[in-house]
Amino acid sequence: MRMKTDYLQILKEELLPALGCTEPIALAYGAAECRHLLGEEPVRITARCSGNIIKNVKGVVVPNCEGMKGIDTAVIAGALYGDSSKGLEVLSSVTADDAAALPDDAKRIKVDVSLLDTEAKLHFIISMESDAHSASVEIIHQHLNIVRAEKDGCVVLSKSFEEKEMNTELADRSGMNIAGIVSFAENAPIEELAEIIEPQIKYNKAISREGLEQPYGAEVGRILLKSSSGLYDRMAAAAAAGSDARMSGCSMPVIINSGSGNQGMTVSLPVIIYAEEKGFSHEKLIRALVLSNLSAIHQKTRIGRLSAYCGAVSAAAGAAAAISWLDDGGIKEIDDTIVNTLATVSGMICDGAKPSCAGKIAAAVNAALLAHDMAMTGHSYRSGDGIVKDDVEKTVSGVGQIASDGMSETDSVILSVMLGC
């Protein structure tokens, strides 16, 4: 099946495995690449980072790093023990002995961190010096997108880029729309879809189970299950528990969505739990996850990978849209589910990656499930109700404008508050 928009390629680009929160992992990847270029152990590392990178690394535990947090930890672990050939699983090669040595490594190797003057939300430059050599690596817009690399002052890699605009190496997303996504999810060959979706089911269920069984972070998922065993609470708890584990350094990988593991879990786990509880076929589950993932990606395309807008909202809206589809909702019910969700919780801010992300996920999922129930009983917010427009695409576009343009200053204020400026 061929459509104007290559939805299959978009799924391949966005549904990737990642070990740990993607921003510290991106720093570790950049550091591993820079160390490879340097050719020997550095004595000094400089990390110049955009505000959103600093925001998303400050409060999250770096996996396989003995519970340590922060930019220093990520770049030192990447430089000394990372394997950049593993992409966003760069720190999966860190051994127990390596992790035990990290506190001493952090004292031995000087790391300077500063704010990078850039218009890009996801942008950083890692520079290293040894006694004899120097090297640097620059990454922008996507977590593994190296656009410049230097060794001893000589450029070894250079790709054109703009700070304001995403580079165009990804599949064109301009033709994405909810109706096209639903059609693709319903009609694309199941073999092609399963190859991409099966790892998401396997990985994300596993880390969710881990978060429910072990006391990670604020234990949001476990607390939810203690207070209620209803289906909707189990769906929210599954996603929250995965975040509990991931934000607190769990070394299990997840399949991400729109550059985020938390969004990857939010967009998938409620759908998985619901489909299993209701006895839907495995093929139906796969097609529902295609719909949920692509709906979330569509919303995030206008917003960007990093923003002051909490991406759990987009992911939860996508999950609820898929649940409406599972319940035989048509395009109207699917559209209304997304609009109802966005009308309710679009104001949730992103103040970095940390344990409270699990609570935000639970809140977003619960709001989206209410939006689903409303849509399936013929109730929806109408054009003129605040940010709601007269169709889903206009509403999605409006939210994107609010998140990317309107919340730009909000982002700066959030960072100032977080850093105590």
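In the nomenclature of an unreviewed UniProt entry, the chain is known as UPF0597 protein IAA97_03935 of Candidatus Ornithospirochaeta stercoripullorum. The annotation that UniProt attaches to the chain under Sequence similarities (unreviewed entry) is "Belongs to the UPF0597 family."

**Q** I'd like a description of the overall build of the chain, backed by residues and values.
**A** Of regular secondary structure, the chain possesses 16 helices and eight strands. Taken over C-alpha atoms, the radius of gyration comes to 21 Å for the chain, in line with the 22 Å a tight globule of 421 residues would show. For the C-alpha atoms alone, the extent of the chain along its principal axes is close to 70 × 45 × 45 Å. Looking at the chain residue by residue over its 421 residues, the buried ones come to 57%. Of the roughly 16,300 Å² of accessible surface on the chain, 50% is carried by carbon and sulfur atoms.

**Q** How would you sum up the nonpolar core? Please name residues and give values.
**A** Counting residues in each nonpolar core, the largest one holds 132 residues, and the members touching the most others are L27, L91, I126 and L294. Of all the elements, helix 12 (residues 312–326) adds the most residues to this core, at 10 residues. Apart from residues no more than four positions distant in its own chain, L294 is found in contact with Y7, I10, L11, M176, I181 and F184. C21, M247, A353 and C357 belong to the second largest nonpolar core, which has five residues in total.

**Q** Explain the pattern of salt bridges to me, using residue names and the numbers behind them.
**A** Any two side chains of opposite charge can pair, so long as their charged atoms come close to each other. Across all of its chains, the model carries 19 salt bridges by this definition. Between R108 and E41 there is a salt bridge; the shortest N-O distance is 2.3 Å. Of this pair, R108 sits in helix 5 (residues 96–108) while E41 sits in the loop between helix 2 (22–38) and strand 2 (44–49); the two residues are 67 residues apart in sequence, bridging distant segments of the chain. Residue K55 is joined to D411 by a salt bridge in which the shortest nitrogen-to-oxygen separation is 2.7 Å. Of this pair, K55 sits in helix 3 (residues 51–57) while D411 sits in helix 16 (residues 408–419), and the two are 356 residues apart along the sequence. Assessed through its relative accessible area of 1%, K55 is described here as buried. Through salt bridges with shared partners, a single ionic network connects E13, E14, R173 and R305.

**Q** Hey, could you go over the side chain of D105 for me, with residue numbers and the actual values?
**A** Within the secondary structure layout, D105 lies in helix 5. On the basis of relative accessibility, which here comes to 5%, the residue D105 falls in the buried class. At 2.9 Å, the side chain of D105 and the side chain of Y81 are in polar contact.

**Q** Can you tell me about helix 4 (residues 70–81), naming the residues and giving the values?
**A** Three- or four-residue spacings in an α-helix give side chains the same orientation, since the helix completes a turn every 3.6 residues. Compared with the 16 Å implied by 1.5 Å per residue over 12 residues, the 16 Å span of helix 4 between its first and last C-alpha is a close match. Most of helix 4 is tucked away: 11 of the 12 residues are buried. Regarding helix 4, the residues found buried are G70, I71, T73, A74, V75, I76, A77, G78, A79, L80 and Y81. Elements that come into contact with the buried residues of helix 4 comprise helix 2, strand 2, helix 3, helix 5, strand 3 (110–115) and strand 4 (123–129).

**Q** With reference to specific residues and values, describe the packing of helix 12 against helix 13 (residues 331–345).
**A** Between helix 12 and helix 13, whose axes approach to 8 Å, the crossing angle comes to 150°. Classified by the angle their axes make, helix 12 and helix 13 are roughly antiparallel. Note that helix 12 runs across helix 13; the crossing there is right-handed. Contact with helix 12, carried on its side by V313, A317, A320, A321, S324 and W325, involves E333, I334, T337, I338, T341, L342 and V345 of helix 13 and no other residues of that element. Each residue belonging to the contact of helix 12 with helix 13 can be placed in one class, and the counts come to nine nonpolar, three polar and one charged.

**Q** So what's going on with the sheet that holds strand 4? Residues and values would help.
**A** Within the open sheet, the six strands sit side by side as 3-2-4-5-6-7. Their pairing is mixed. Among the strands making up the open sheet, the edge pair consists of strand 3 and strand 7 (154–158). Within the sheet, the average angular offset between the axes of one strand and its neighbour, ignoring direction, is 10°. Bridge analysis of strand 5 (residues 134–140) against strand 6 (residues 146–151) gives five bridges, and the strand direction is antiparallel. Counterpart to A135 in the pairing with strand 6 is K151. Against the sheet, helix 2 makes contact with strand 2, strand 4, strand 5, strand 6 and strand 7, and its axis sits at roughly 35° relative to strand 4, the strand it touches most.

What counts and what doesn't
Residues numbered from 1 in each chain as written. Predicted model: local features only at pLDDT ≥ 70, side-chain atom pairs only at ≥ 80, totals over all residues. Heavy atoms only, no water. UniProt positions renumbered as here; feature names shortened; annotations may be inferred. Helix = DSSP H or I, 4+ residues; strand = E, 2+ residues; numbered from the N terminus. Rg over C-alpha atoms; globule rule 2.2 N^0.38 Å. Buried < 20%, exposed > 50% of the residue type's maximum accessible area, 1.4 Å probe, protein only. Areas by Shrake-Rupley, 256 points an atom, 1.4 Å probe, with all protein chains shown as cover. Core = buried A, V, L, I, M, F, W, Y, C linked by side-chain atoms within 4.5 Å. Contact = heavy atoms within 4.5 Å. Salt bridge = Lys/Arg side-chain N within 4 Å of Asp/Glu carboxyl O. Polar contact = N/O pair within 3.5 Å; in protein donor to acceptor, adjacent residues only side chain to side chain. Expected span 1.5 Å × (residues − 1). Axes fitted to C-alpha atoms, helices over the stretch in contact; angles between N-to-C directions. Parallel < 35°, antiparallel > 145°, perpendicular 65-115°, else oblique. Left-handed = near helix turned anticlockwise from the far one by under 90°. Nonpolar A, V, L, I, M, F, W, Y, C, P; charged D, E, K, R; others polar. Pairing = 2+ DSSP bridges.

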